[in-house]
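# Secondary and tertiary structure notes
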Amino acid sequence: RYLPSIPNLSGRVTILTSLVCGIGGALIATFFHELVHFLKDILWSELVPDDDNGKDGSARTSLFQIDREILVKTTIGIAVGVLSMKYPSTMFWGEGSLQTAIDGQQTPFSETKHGSGLPSFLTAHANVDPNTPIESSWAAIQVGVAKLTSIALACAGKFPGGIIFPLFFAAAPIANAICLFISQYLDIQVKSLAVMALMASTQASVTRTPLATVLMLTLSASPDTELSKMLPCVILSSYIGVFSSRYLSKESYFAYSK
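Attention in this report is confined to the structure presented alongside it. The model shown is predicted, which means the values in this text are computed figures rather than measured ones. (Residues numbered from 1 in each chain as written. Predicted model: local features only at pLDDT ≥ 70, side-chain atom pairs only at ≥ 80, totals over all residues. Heavy atoms only, no water.)

### What to know about the overall build of the protein chain
Note the following rule: Put simply, DSSP marks the helices as runs of H or I at least four residues long and the strands as runs of E at least two long, and each gets a number from the N terminus on. Only protein chains enter the area calculation, which uses a 1.4 Å probe; residues under 20% of their type maximum are buried, those over 50% are exposed, and those in between are partly exposed. In this analysis, two residues are considered to be in contact whenever any of their non-hydrogen atoms come within 4.5 Å of each other.
Of regular secondary structure, the protein chain possesses 8 helices and 0 strands. Counting across all 258 residues of the protein chain, residues that qualify as buried make up 47%. Long-range pairs, those at least 24 residues apart, make up 77% of the contacts in the protein chain between residues at least 6 apart in sequence.

### Notes on helix H8 (residues 227-248)
This is how it is decided: Expected helix span is taken as 1.5 Å per residue step, with the number of steps being one fewer than the number of residues.
Here H8 spans 31 Å end to end across 22 residues, near enough to the 32 Å set by a 1.5 Å rise per residue. For H8, every residue scored as buried is listed here: Met-230, Cys-233, Val-234, Ser-237, Ser-238, Gly-241, Val-242, Ser-244 and Ser-245. Buried residues in H8 make contact with helix H1 (11-43), helix H6 (191-207) and helix H7 (210-220).

### Structural notes on the packing of H7 against H8
What counts, and what does not: Axis definition: a line fit to C-alpha positions, over the contact stretch in the case of helices; interaxial angles, taken between N-to-C directions, run 0 to 180 degrees. Any angle from 65 to 115 degrees is called roughly perpendicular, while one under 35 is roughly parallel, one over 145 is roughly antiparallel, and all others are oblique. Rotating anticlockwise by less than a right angle from the far helix to the near helix defines a left-handed crossing, while the corresponding clockwise rotation defines a right-handed one.
As a packed pair, H7 and H8 sit with axes 9 Å apart at the nearest point and diverge in direction by 150°. The angle between H7 and H8 falls in the class roughly antiparallel. Note that H7 runs across H8; the crossing there is right-handed. Residues Pro-210, Leu-211, Val-214, Leu-217 and Thr-218 of H7 lie in contact with H8, whose contacting residues are Leu-227, Met-230, Leu-231, Val-234, Ile-235, Ser-238, Tyr-239 and Val-242.

### Description of unusual backbone geometry
Excluding glycine, residues mostly carry a negative phi; peptide bonds, for their part, are mostly trans. Here Gln-105, not a glycine, exhibits a phi torsion of approximately 65°, which is positive. For Gln-105, the position within the fold is in the loop between helix H3 (98-102) and helix H4 (137-156).

### Quick notes on the layout of surface pockets
Test applied: Using only the protein atoms, space was sampled on a 1 Å grid; points where a 1.4 Å probe fits but cannot get out form cavities, open sets with protein on both sides within 12 Å along at least five of seven lines form pockets, and lining residues are those with an atom within 4 Å of a point. Grid points are joined across faces, edges and corners, and a volume is the space filled by probe spheres set on the points.
The volume enclosed by the largest pocket comes to roughly 430 Å³. Top contributing element to the lining of the largest pocket by residue count: H1, with 7 residues.

### Some remarks on the packing of aromatic side chains
One pair of aromatic rings is described through two measures. These are the centre distance and the angle between the planes. Threshold: Centre distance within 6.5 Å is the pairing criterion for rings of Phe, Tyr and Trp, where only the six-membered ring of Trp is used; planes under 30 degrees apart are then read as stacked, over 60 as edge-to-face, and the remainder as tilted.
Summed over all chains, the structure comprises 1 aromatic pair. Ring geometry for Phe-165 against Phe-168: centres 5.4 Å apart, planes inclined by 90°, an arrangement best described as edge-to-face. Note that Phe-165 and Phe-168 are positioned in helix H5 (residues 164-182) at a spacing of 3 residues, about one turn of the helix. With respect to class, Phe-165 is no different from Phe-168; both count as buried.

### Side note on empty space enclosed by the protein
Let me state the cut-off plainly: Residues were grouped as follows: Ala, Val, Leu, Ile, Met, Phe, Trp, Tyr, Cys and Pro as nonpolar; Asp, Glu, Lys and Arg as charged; and all remaining residues, including Gly, as polar.
By the definition in use, this model includes 1 cavity of 30 Å³ or more. Estimates place the volume of the largest cavity at around 100 Å³. When residues of the lining of the largest cavity are traced back to their parent elements, those giving at least two are H3, H4 and H5. Top element by residues in the lining of the largest cavity is H5. It accounts for 3 residues. For the lining of the largest cavity, the residue count by class is 7 nonpolar, 6 polar and 1 charged.

### As for a nonpolar patch on the surface
This is how it is decided: Patches draw on residues past 30% relative accessible area with no salt bridge. Two like charges within 9 Å are joined, as are two nonpolar side chains (Val, Leu, Ile, Met, Phe, Trp, Tyr) within 5 Å. Under the convention used here, a 1.4 Å probe and the Shrake-Rupley method define accessible areas, while residue burial counts only the protein chains that appear. A pairing counts as a salt bridge when a side-chain nitrogen of Lys or Arg comes within 4 Å of a carboxyl oxygen of Asp or Glu.
A surface patch of nonpolar side chains, amounting to about 600 Å² of accessible area, comprises Leu-211, Leu-215, Leu-219, Ile-235, Tyr-239 and Phe-243. Among the elements of the structure, H7 and H8 are those that each provide at least two residues to the nonpolar patch. Counting through the fold element by element, Leu-211 comes out in helix H7. Exposure remark for Leu-211: the relative accessible area of 53% places this residue in the exposed category.

So this is what it looks like as C-alpha cells:
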C-alpha cells in the first residue's frame, strides 16, 4: 500500500493538473499502442517459405512458424533481460513496490516487497540505481521509457500477463521526470498528485477503463491517504485521457491480438 502526499489545491489548479495529465496520459498511451503494433508488424510479418509440394509444403510451413516463434520469444526475452540489467526496477511491478515509483525512489527498492533480497549483482550494472532517489529528469525519463519499452516488447511477443500495474509503473517515472524538469523554473506543489493522475490517465487511455483504474488506485492506497484530495483530479484525468486518446487514434484501445 502506498501513501501519496497530497497538498490542498484550488479548483483551478485541480482542473489544470487534470487536463495536462489527462492529455499527457493519452499521448503516452497512443505511443505505446503504436509501438506495440509496430513491433508486431516486424516480429510477426507474414513470411513463409516458398514451397509448392502439397502436404510437404504445409508441414515445412508449420515447422517454420514454430521455429520462428521460438526465435522471436527468445530474442525478446534477451532484450528484456538486458533492459532489466540496466534498469533493474523494470523486472518487477506490483502493489508491493508501487510506493517507490510514486515518490521517485525516495523509498528504496530494496525496502519493498519485490526488492528485498534482490542480489546485488543484478543492480551492479544499473544505469539508474533503484535504491537511490531520482534527482534528475533524465534519470527518471530513462526508467519510464525502459519500462514502457519492456511492456511493449512483452506484449508484441505475445507473452501472457497483464498490463495494468506495469503501465502504472511506466507512467510514474515519466511524471516524475516532467515535474523535476519544470521544478527547475517553477515551484511545483502538485508533484505527487500529478504522478497519480498521469498513472491513471495512461492506464485508462490504453484499456479504456477509467472507472476501474480509479478504483484500483483508490483501493490500493494506504488507509491514511486523503482520498478527498486525490480522487477529483485522478477521476478527471482518467476520463480526459480516454476521450483524448480516442481523438488521437480510433485504434488506441490496446488488445493482445491485432
